[in-house]
Amino acid sequence: MEIINYLNEQTKTDYKPSTYKTQELIKARLREGFTVEDFKRVIDLKTAEWLSNPRMSKYLRPITLFGTNFESYLNQKPVKKSLREEDFGLND
């Protein structure tokens, strides 16, 4: 519940925490030893990277974030805007 509520807050979505597939994905990652804070970090990292990108924002969903790439997302370095993007407001 907490994880999906956090996802919804960060992405302005309305995913249901009661959905079977969503619950299964979260339970699988928790069984692997990941924590609620790990989920929040993945949500934060991918939201920062994808939310303002129309092609990628559709992937800010439980099946993508909490699936087989979860550990890769968790271990990625935060994305920094390039100087060019900041100068020209390309990612705003």
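1. Digging into the overall build of the protein
Here is step 1 of the chain: A count of helices and strands for the protein gives 6 helices and 0 strands.
Here is step 2 of the chain: The linear arrangement of helices and strands in the protein, starting from the amino end, is α-α-α-α-α-α.
Here is step 3 of the chain: Pairs at least 24 apart in sequence give 60% of the contacts found in the protein among residues at least 6 apart.
Here is step 4 of the chain: As displayed, the protein offers around 6300 Å² of accessible surface, 50% of which is attributable to carbon and sulfur atoms.

2. A look at the confidence of the model for the protein
As a note on interpretation, predicted positions should not be read in detail where pLDDT is low.
Here is step 1 of the chain: Per-chain confidence: the protein averages 90 in pLDDT, with 87% of residues scoring 70 or above.
Here is step 2 of the chain: Taken element by element, the protein is modelled with least confidence in helix α6 (residues 83–88), mean pLDDT 50, and with most confidence in helix α4 (residues 62–65), mean pLDDT 98.

3. Quick look at the environment of Lys 27
Here is step 1 of the chain: Mapped onto the secondary structure, Lys 27 falls in helix α2 (residues 20–31).
Here is step 2 of the chain: Using a relative accessible area of 41% as the deciding quantity, one classes Lys 27 as partly exposed.

What counts, and at which threshold
- Residues numbered from 1 in each chain as written.
- Predicted model: local features only at pLDDT ≥ 70, side-chain atom pairs only at ≥ 80, totals over all residues.
- Heavy atoms only, no water.
- Helix = DSSP H or I, 4+ residues; strand = E, 2+ residues; numbered from the N terminus.
- Contact = heavy atoms within 4.5 Å.
- Areas by Shrake-Rupley, 256 points an atom, 1.4 Å probe, with all protein chains shown as cover.
- pLDDT = per-residue confidence, 0-100.
- Buried < 20%, exposed > 50% of the residue type's maximum accessible area, 1.4 Å probe, protein only.

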